[in-house]
Amino acid sequence: ANPNGPSYPGDVVRFRIAVANLGSAATTSPTTITDLLPAGFTYEGGETYYWCPILPPGNWLTPWTPNCASDFSAYTPTMQSQLGTLTSPSIGATSCVWKFPTLPAQCDGTPLYFIIEFNVLIDTVPPTLPGTYGNAFTISASNAASALSDSAYVTVSSIVKVTALKQVRSGT
């Protein structure tokens, strides 16, 4: 799917979420990221994780791979030493939940972000209706108030899917 749209039922779109702790104390367990996908969208996995600053700040709007030494296609021991053991959503989920024990504080002016990229299928049965779908996520921890992200939008266009069948009927 084109990240700028339009997308169609059957396309896989890549979502990216990022969280940072700008406070002076680490979050305590459980730290939870919850992403309730819009109706007609399903979690497909394919996660990639990053632990790094976003440079330059605000660099979300272009196809971008974080410029950092901590580029992981899997949750590695290095990340586990920073965040603890991670639980991830199941394939086919519509409510995506990631849980981990802590998000370290980083208040020196260059926040480190825990970034998760993952694949989402635009459903085909039944097909997701045309429209623009907004999606946001929350992060919460036992010692912090929940925070709601800004929304990202996916535009789904209609798709034409015709079928044809011809038979010879007997007994006429």
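As a reminder, the structure under discussion sits directly above these lines.
1. Notes on the environment of proline 126
With respect to the secondary-structure elements, proline 126 resides in the loop between β6 (113-122) and β7 (131-135). On a C-alpha basis, the gap between proline 126 and glycine 40 in space is 8.0 Å, while along the polypeptide they are 86 residues apart.

2. Some points on the pairing of β6
Across the ten residues of β6, seven count as buried, placing the element largely inside the fold. Relative to β6, strand β1 (residues 12-19) is paired through eight bridges, and the arrangement is antiparallel. When the sheet's bridge partners are listed, valine 12 is paired in β6 with leucine 121. Judged from the nine bridges that link them, strand β3 (residues 41-52) and β6 form a sheet pairing that is antiparallel. Of the residues in β6, the one forming a bridge with threonine 48 is glutamate 117.

3. Points about the nonpolar core
Soluble, globular proteins show a tendency: their nonpolar side chains are buried together. Within the largest apolar cluster, 27 residues are counted, with the highest numbers of intra-cluster contacts made by Ile33, Phe41, Trp98, Leu103, Phe114, Ile116 and Phe118. Of all the elements in the fold, those that place two or more residues in this core are β1, β3, β5 (95-100), β6, β8 (137-141) and β10 (152-156). With five residues, the single largest contributor to this core is β6. Among residues more than four places away in sequence, those in contact with isoleucine 116 are Phe15, Arg16, Ile17, Ile33, Thr48, Tyr49 and Trp98. Counting residues in each nonpolar core, the second largest holds five residues, with Tyr50, Cys52, Ile54 and Ile115 among its members.

4. Let's talk about the sheet that holds strand β2 (residues 31-36)
With respect to topology, four strands assemble into an open sheet ordered β5-β2-β8-β9, the strand pairing being antiparallel. The two strands at the open ends of the sheet, each matched to only one other strand, are β5 and β9 (144-148). Across the sheet, the mean angle from the axis of one strand to that of its neighbour is 15°, orientation sign disregarded.

5. Comments concerning the side chain of asparagine 21
Structurally, asparagine 21 can be placed in the loop between β1 and β2. Residue class for asparagine 21 comes out buried when judged on its relative accessible area of 10%. Reaching out from asparagine 21, the side chain makes a polar contact with the backbone nitrogen of glycine 23 at a distance of 2.9 Å. Excluding its chain neighbours within four sequence positions, the residues that come into contact with asparagine 21 are Ala26, Thr27, Leu103, Pro104, Ala105 and Gln106.

6. A word on the packing of aromatic side chains
We describe a pair of aromatic rings using the distance from one ring centre to the other and the angle between the two ring planes. Within this structure, the stated rule accounts for seven aromatic pairs. Plain terms: the ring middles of phenylalanine 15 and phenylalanine 118 are 5.8 Å apart, the flat faces sit at 70° to each other, and that makes the pair edge-to-face. In this pair, phenylalanine 15 is assigned in strand β1 and phenylalanine 118 in strand β6, connecting sequence segments 103 residues apart. With respect to burial, phenylalanine 15 and phenylalanine 118 carry one shared label: buried. Aromatic pair tyrosine 43 and phenylalanine 118: ring centres 5.8 Å apart, planes at 45°, arrangement tilted. On the criterion of sequence distance, the pair formed by tyrosine 43 in strand β3 and phenylalanine 118 in strand β6 is long-range, its members being 75 residues apart. The exposure classification of tyrosine 43 matches that of phenylalanine 118, with both residues buried. Here the aromatic cluster, defined as three or more aromatic residues joined through ring pairs, consists of Phe15, Tyr43, Trp98 and Phe118.

Definitions and limits used
Residues numbered from 1 in each chain as written. Predicted model: local features only at pLDDT ≥ 70, side-chain atom pairs only at ≥ 80, totals over all residues. Heavy atoms only, no water. Helix = DSSP H or I, 4+ residues; strand = E, 2+ residues; numbered from the N terminus. Buried < 20%, exposed > 50% of the residue type's maximum accessible area, 1.4 Å probe, protein only. Pairing = 2+ DSSP bridges. Core = buried A, V, L, I, M, F, W, Y, C linked by side-chain atoms within 4.5 Å. Contact = heavy atoms within 4.5 Å. Axes fitted to C-alpha atoms, helices over the stretch in contact; angles between N-to-C directions. Polar contact = N/O pair within 3.5 Å; in protein donor to acceptor, adjacent residues only side chain to side chain. Phe/Tyr/Trp six-rings, centres within 6.5 Å; stacked < 30°, edge-to-face > 60°.

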